[in-house]
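# Topology and contacts: notes
Given next are the chains, with one letter for each unit.
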Amino acid sequence: MEDKNKKDINRRDFIKIVGISAATSTGLLYGCSSKGTSSSSSATGEGEVPTDKMTYRTSPTTGDRVSLLGYGCMRWPLKPAPNGNGEVIDQDAVNGLIDYAIAHGVNYFDTSPAYVQGFSEKATGIALSRHPRDKYYIATKLSNFSPDTWSREASLKMYHKSFADLQVDYIDYMLLHGIGMGGMEALKRRYLDNGMLDFLVKEREAGRIRNLGFSYHGDIEVYDYLLSRHDEFKWDFVQIQLNYVDWKHAKETNTRNTDAEYLYGELHKRGIPSIIMEPLLGGRLSKLNDNLVARLKQRRPESSVASWAFRFAGSFPDILTVLSGMTYIEHLQDNLRTYSPLEPLTDEEKEFLEETAQLMLKYPTIPCNDCKYCMPCPYGLDIPAVLLHYNRCVNEGNVPRNGQDENYAKARRAFLVGYDRSVPKLRQASHCIGCNQCVAHCPQNINIPKELHRIDQFVEQLKQGTL
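Calculation rules
- Residues numbered from 1 in each chain as written.
- Predicted model: local features only at pLDDT ≥ 70, side-chain atom pairs only at ≥ 80, totals over all residues.
- Heavy atoms only, no water.
- Helix = DSSP H or I, 4+ residues; strand = E, 2+ residues; numbered from the N terminus.
- Expected span 1.5 Å × (residues − 1).
- Buried < 20%, exposed > 50% of the residue type's maximum accessible area, 1.4 Å probe, protein only.
- Disulfide = S-S within 2.5 Å.
- Axes fitted to C-alpha atoms, helices over the stretch in contact; angles between N-to-C directions.
- Parallel < 35°, antiparallel > 145°, perpendicular 65-115°, else oblique.
- Contact = heavy atoms within 4.5 Å.
- Salt bridge = Lys/Arg side-chain N within 4 Å of Asp/Glu carboxyl O.
- Pairing = 2+ DSSP bridges.
- Right-handed = clockwise from strand over helix to strand, strands pointing away.

Where an unreviewed UniProt entry is consulted, the protein chain appears under the name Aldo/keto reductase, with the organism given as Bacteroides zhangwenhongii.

### Details of helix 17 (residues 383-396)
Taking 1.5 Å per residue, 14 residues should reach 20 Å; helix 17 reaches 20 Å between its end C-alpha atoms and fits that length. Of all 14 residues in helix 17, 14 are buried, a share of seventy percent or more.

### Overview of the state of the cysteines
Disulfides are covalent bonds that connect the sulfur atoms of two cysteines. Per the counting criterion, the structure on display carries 0 disulfides. We note that cysteine 435 lacks a disulfide partner, and the nearest cysteine sulfur, in cysteine 377, lies 6.0 Å from it. A relative accessible area of 21% places cysteine 435 in the partly exposed class. Residue cysteine 442 stays outside any disulfide, its sulfur separated by 6.2 Å from that of cysteine 371, the closest cysteine.

### Overview of the packing of helix 13 (residues 290-299) against helix 16 (residues 347-360)
Relative to each other, helix 13 and helix 16 sit at 170 degrees, their axes nearing to 11 Å. The orientation of helix 13 relative to helix 16 falls into the category roughly antiparallel. The residues of helix 16 that touch helix 13, namely those facing Leu292, Arg295, Leu296 and Arg299, are Glu348, Glu349, Phe352, Leu353, Glu355, Thr356, Leu359 and Met360.

### A short note on unusual backbone geometry
Here the bond from serine 340 into proline 341 is cis, since omega is -5 degrees, no more than 30 degrees from zero. With respect to the helices, strands and loops of the structure, proline 341 is situated in the loop between helix 15 (329-338) and helix 16. Along the chain, methionine 375 connects to proline 376 via a cis peptide bond; the corresponding omega equals 0 degrees. Mapping proline 376 onto the fold places it in the loop between helix 16 and helix 17. Phi is positive for asparagine 436, close to 70 degrees, though the residue is something other than glycine. When you line up the elements, asparagine 436 lands in the loop between helix 18 (408-422) and helix 19 (448-464). Relative accessible area serves as the criterion here: at 33%, asparagine 436 is assigned to the partly exposed category.

### Quick notes on the side chain of glutamine 239
Position of glutamine 239 relative to the elements: it lies in strand 10 (residues 237-241). Owing to a relative accessible area of 2%, glutamine 239 belongs among the buried residues under this scheme. The contact partners of glutamine 239, leaving out residues within four places of it in the chain, are Asp110, Lys141, Leu175, Phe214, Ser215, Tyr216, Ile275, Met277 and Leu323.

### A look at the pattern of salt bridges
Here the idea is simple: oppositely charged side chains can pair when their charged atoms come close. Evaluated as defined, the whole model comprises 24 salt bridges. Its salt-bridge partner being aspartate 64, residue arginine 210 comes within 2.6 Å of it at the nearest N-O pair. Remark: aspartate 64 occurs in the loop between strand 1 (56-58) and strand 2 (65-67) and arginine 210 occurs in strand 9 (residues 209-216); sequence separation between them is 146 residues. A relative accessible area of 3% places aspartate 64 in the buried class. The residue glutamate 348 makes a salt bridge to arginine 299 at a minimum N-O spacing of 2.6 Å. Here glutamate 348, found in helix 16, pairs with arginine 299, found in helix 13; they are 49 residues apart in sequence, far enough to count as distant.

### Some thoughts on the sheet that holds strand 12 (residues 319-324)
Spatial strand order, 3-6-7-8-9-10-11-12: 8 strands in a closed barrel with parallel pairing. Within the sheet, the average angular offset between the axes of one strand and its neighbour, ignoring direction, is 30 degrees. Examined bridge by bridge, strand 10 and strand 11 (residues 274-277) share 4 bridges and lie parallel to one another. Considered in strand 11, the bridge of isoleucine 240 is made with isoleucine 276. Of the strands in this sheet, strand 11 and strand 12 touch helix 14 (residues 305-314), which is tilted by about 155 degrees from strand 12.

### Overview of the pairing of strand 7 (residues 137-142)
Counting buried residues along strand 7, 6 of its 6 residues qualify, which places the element largely inside the surrounding structure. In this fold, strand 6 (residues 108-110) hands off to helix 5 (residues 120-128), which returns the chain to strand 7; that crossover is right-handed. Taken together, the 4 bridges between strand 7 and strand 8 (residues 171-179) define a ladder with parallel strand orientation. Residue leucine 142 lies in a different strand from strand 8, and its bridge partner there is leucine 176.

Next up, the structure:
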C-alpha cells in the first residue's frame with residue numbers, strides 16, 4: 001500500500017465532504033430504474049421469523065456451537081451527526097439489530113478496526129456488552145494494512161485497542177486480516193518479520209485469543225504458504241470468499257482471485273473449518289437482472305433471491321458460519337428465515353445455480369463488493385456508490401451500447417437520473433484525478449481510476465447524445 005501523504009484527509013474532514021452516509025447512498029442506488037424491478041421488490045422472502053430453529057455448526061478445535069448465520073459488522077446503520085457535519089453510527093439501531101439477532105439465535109459477530117471508518121468495534125462492543133458474555137462470539141482482526149502500522153509497536157497498539165473498544169478480556173476469533181493483499185512481501189512485513197504472528201500464537205496459548213485464523217484475498221501463494229505451515233500454527237479456521245459464482249468462476253469476476261472450490265478443498269482436506277465472506281458477491285447476487293430474478297423466483301416463489309446464495313454457502317459441511325453485513329432489519333429477517341433451519345441444496349439445485357452463474361457472467365459488471373476499503377477518497381468521491389450505480393444499471397439493462405438501441409432514450413434517462421440521485425455531483429466520477437491512492441486498498445484488485453474514468457466518459461456521452 002502507498003504511504004499516506006499530504007493528499008490524505010482525516011475522518012473529520014472526510015465527513016464534512018461526504019455529507020451523506022454509505023448506508024443512505026446504497027439505499028439511493030435503486031433510483032437507476034424508472035420502475036421497481038423484481039430484483040429489488042423481491043429482496044426479502046416471506047413468512048414468520050423463527051426464534052428457536054437456527055442451524056448451528058460445531059468448531060472441531062474449541063467445541064464452539066456457532067450459528068450458521070454470522071453478523072458482519074461492516075455496514076452498521078448511520079444517522080446525521082449531532083453537530084450537523086455528516087453522519088455517525090446509529091448506536092440505537094445497532095443495539096436493536098444485535099438484540100434481534102441474538103434473540104433469534106445468532107451468536108457470531110465479525111468486526112475489524114478498519115470497518116465503518118474505524119468505529120465498528122466500538123459500536124459493536126457497546127451493543128454486545130449489554131448481553132451476557134457467553135451469549136456471543138466476537139471475531140475481529142489485526143487490520144494493519146497501512147505501512148505505518150507494520151511495526152510491532154503499532155500492531156500491538158491496534159491489537160490492544162480492539163480489546164478496549166470491544167469491552168472484552170478475550171477475543172473468540174482473531175484473524176490476520178486480508179492475507180494475500182500485497183503478496184508475500186506484505187505478509188512478511190505485517191506479521192512475520194515483526195514477530196506479530198508468533199505473538200498471536202502465544203496470546204492463544206494464554207487464552208486471550210480462543211481461535212486464531214486468517215482472512216484471504218488475492219495472492220494464492222500466500223494462502224498456500226500459510227496452509228503449508230498448518231502443523232506449526234494450527235489454524236483454527238480460515239475466512240474465504242465463497243458464493244455460487246466464485247465457486248468455479250472467480251477469475252472471471254477478478255483475475256487475481258482463486259476459485260472457492262480450491263480454497264474450500266484445501267481447508268477441507270486439512271480439517272480446518274471455513275468462515276464465509278461475500279456469500280452475495282458484494283450484494284450482486286441479491287440484485288440480479290430481471291431475467292435471472294424470474295428464473296430463481298420460478299423455482300421458489302416464496303424465497304428471496306438472496307436466499308439461494310445463502311443456501312449455497314451454507315450447504316458445505318465444513319463451513320462454520322456465513323457472514324452477512326446486514327444494515328436493515330428486513331435483510332436480517334430474510335437471512336434468519338434461510339438458516340432457521342437451513343434447507344441444504346440438492347445436487348440438482350447446485351447445477352441450477354451453476355447455470356445461473358454462467359448466465360450472470362454475460363453481464364459486464366465491475367467486481368465491487370462495497371467493502372469501502374477505498375474510502376475516504378482524498379477528493380471526496382463516493383467511489384462505491386458510483387461503481388454500484390453502474391452495476392445496477394447494467395443488471396437492469398439501462399446501459400445502452402449506442403444510440404440505435406431500441407430502448408436508448410429510456411435507458412439513457414434512467415441512468416442519468418439515477419446517477420444524480422445516487423451520487424451527489426461533487427462526489428461523481430468526473431472529479432477523479434487518478435491519484436491511485438484507492439487502488440492498493442481494493443481487495444478485488446479493481447483499477448478504480450480506470451473504471452471511474454470509463455464511467456465518466458460514458459456519462460458525458462449520454463449527456464451529449466453522442467454514444
